[in-house]
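Now for the letters of each chain:
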Amino acid sequence: MTLKLYNSLIGKKESFKPKSENEVKIYGCGPTVYDVPHIGNFRTFTFYDLINRVLKMNGFSTTTAVNITDIDDKIINRIIEEKSSLKEITSRYEKSFHEISRTLNIFPNDYNPKATDFVEKMIEFIQRLINEGFAYESNNSVYFIVEKDLNYERFVDLKFEDSDYLKINKNQDKRFVGDFALWKSWSKNDGDIFWDSPWGKGRPAWHTECAVMIEDLFDGEIDIHCGGIDLKFPHHENECAQIESLSGKKIANYWLHAEHLNIDDEKMSKSSGNFVSVNTMIKENGPSAVRLFLLSAHYRTKVSFNLKKLDESKKMIEKITRFSNNFDLLTIDNVEMKFSAEHLAFINALNDDLNTAEALGIFFSFIAKMNKKITSSSLNESEKEKSLIFLKLFNSIFDVIDFDRSKKQKPPKNVQDLLFSRQEARNNKDWKKSDILRDKLKSMGWYVEDTATGQKLLEKK
Ligand SMILES: [Zn+2]
């Protein structure tokens, strides 16, 4: 089955075909680095990682970019609050974005462009928009004229007479309420944060940031543009308006948007104060459980966060770990490629608009089936190979099993001694002692599993 993706631009699933044969270019809107990220932010970034991995599974090579917004109103407010500097605030949270991404096994991006490195290019770009008649200067700010973009309202049917929209966007400098800022003039609040421009001192606006980066890194044309659902309008609409007005070409053929992670049925956001720090969740539950939780629902379904769901993910990790302990994962590259029916169904589920929920279900029903055979000692060689191959495929997407663990495992001496005593107890059929020693090891942070080839030790993550 070929890869199908739900394209927000047309509101339905369609087969994926990149512009060039094998190379897929992907751009995702990245974090604004002004505060600790919440778990909802990382639902989006894990979703970007999922797209990348599913494309690789299908044999495509990818080039990915996720920008870092390091100039924004929220950052300026934070600088004032903390009496700090732009560099200090943004480098702190940029670092934490990268650290968490690594901890959650998110593949590094080819590019992580920063807004402050692109200011000169943004000024040139805005000047071009003015020269071509798509933008105007007003009171030291610059605005885009939306009525000049004949395709405006790609993503939504916007009612400009909508009173909420009018309220939010009221601004005397604009000719029309729908026009959006490309350059914001300096105000007292901005302090020493400004750049000189042909329109006086000020700073670039967010919508221009992504447009210029896509133009600069990818010549204005990518295959897939992704983001959180709230970016569809106005952010993505406005990105399109700028680039497509100048070039006459579509930025991207596929637009993918991930739903929110809610908390108590409300969108998780820092401004409303209802958010859960992703770092805290990783510390309390381990990175694998958090990653699995973030991937366990289909990206287009709203998920309500609660600790019970994280507990379920922890239990799933234990199940996967117990199952994978039955096999020598280091032999995986020497195993003959044999595919179970579930293996192929798993691929089909992911190729059906990245349906991780269904793929996980298929994987767990495979585990249940194989576990029965393991318990009754009837797992044959071919099933062993299929299990290993499926585990490898599963991990190429979900990435929650450490395949190199047996290389890394060097249990301390007291743990090795306990393991040895337990083996002796088992040899003497002293099951009671064996169980006591297993519990003792567990309390010290080590799982021990009895497999067909003997005891296997695994450090709790
Ligand atoms: Zn963007």
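Above this note sits the structure.
Here goes a summary of the coordinates provided. Since this is a predicted model, take the numbers as computed values, not measurements. (Residues numbered from 1 in each chain as written. Predicted model: local features only at pLDDT ≥ 70, side-chain atom pairs only at ≥ 80, totals over all residues.)

**A short note on the sheet that holds strand 10 (residues 252-258)**
The strand order across the open sheet formed by four strands is 4-3-9-10, and the pairing between neighbours is parallel. Looking at the sheet topology across the chains shown, the edges are occupied by strand 4 (61-66) and strand 10. Strand-to-strand twist of the sheet, defined as the mean angle between neighbouring strand axes without regard to direction, takes the value 20°. Judged from the six bridges that link them, strand 3 (residues 23-28) and strand 4 form a sheet pairing that is parallel. Note on strand 4: the bridge partner recorded for Glu23 is Ser61. (Pairing = 2+ DSSP bridges. Helix = DSSP H or I, 4+ residues; strand = E, 2+ residues; numbered from the N terminus. Axes fitted to C-alpha atoms, helices over the stretch in contact; angles between N-to-C directions.)

**Some words on the packing of helix 6 (residues 206-218) against helix 7 (residues 232-247)**
It is the contact of helix 6 with helix 7, at a shortest axis distance of 9 Å, that shows an interaxial angle of 50°. Between helix 6 and helix 7, the angle is such that the two are oblique. Here helix 6 runs over helix 7; the crossing is right-handed. Of the residues in helix 7, those in contact with His207, Thr208, Cys210, Ala211, Ile214 and Glu215 of helix 6 are His235, Asn238, Glu239, Gln242 and Ile243. Its residues assigned to classes, the contact of helix 6 with helix 7 comprises four nonpolar, five polar and two charged. (Parallel < 35°, antiparallel > 145°, perpendicular 65-115°, else oblique. Left-handed = near helix turned anticlockwise from the far one by under 90°. Contact = placed C-beta atoms within 7 Å. Nonpolar A, V, L, I, M, F, W, Y, C, P; charged D, E, K, R; others polar.)

**Considerations on helix 7**
With 16 residues, helix 7 ought to run about 22 Å at 1.5 Å a step, and its terminal C-alpha atoms sit 21 Å apart, in line with that. Listed in full, the buried residues belonging to helix 7 are His236, Glu237, Asn238, Glu239, Cys240, Ala241, Gln242, Ile243 and Ser245. Of the surrounding elements, those touching the buried residues of helix 7 are helix 4 (119-131), strand 6 (141-144), strand 7 (180-185), helix 6, strand 9 (222-228) and strand 10. After helix 7 finishes, the residue Gly248 shows a positive phi value of roughly 75°. (Expected span 1.5 Å × (residues − 1). Buried ≥ 20, exposed ≤ 12 C-beta atoms within 10 Å, placed from the backbone.)

**Observations regarding the pairing of strand 1 (residues 4-7)**
Bridge count for strand 1 against strand 2 (residues 12-15) is four bridges, and the pairing is antiparallel. Opposite Asn7, over in strand 2, you have Lys12 as the bridge partner. Counting the residues that bridge the hairpin from strand 1 to strand 2 gives four residues, and of these Gly11 lies at a positive phi of roughly 70°.

**Observations concerning the sheet that holds strand 8 (residues 202-204)**
With antiparallel pairing, four strands are arranged side by side in an open sheet as 5-6-7-8. The open sheet has two edge strands with one neighbour each: strand 5 (135-138) and strand 8. Direction aside, the axes of adjacent strands within the sheet are offset by 25° on average. Relative to strand 6, strand 5 is paired through four bridges, and the arrangement is antiparallel. Each residue of the ladder has a partner; that of Ala135, found in strand 6, is Phe144.

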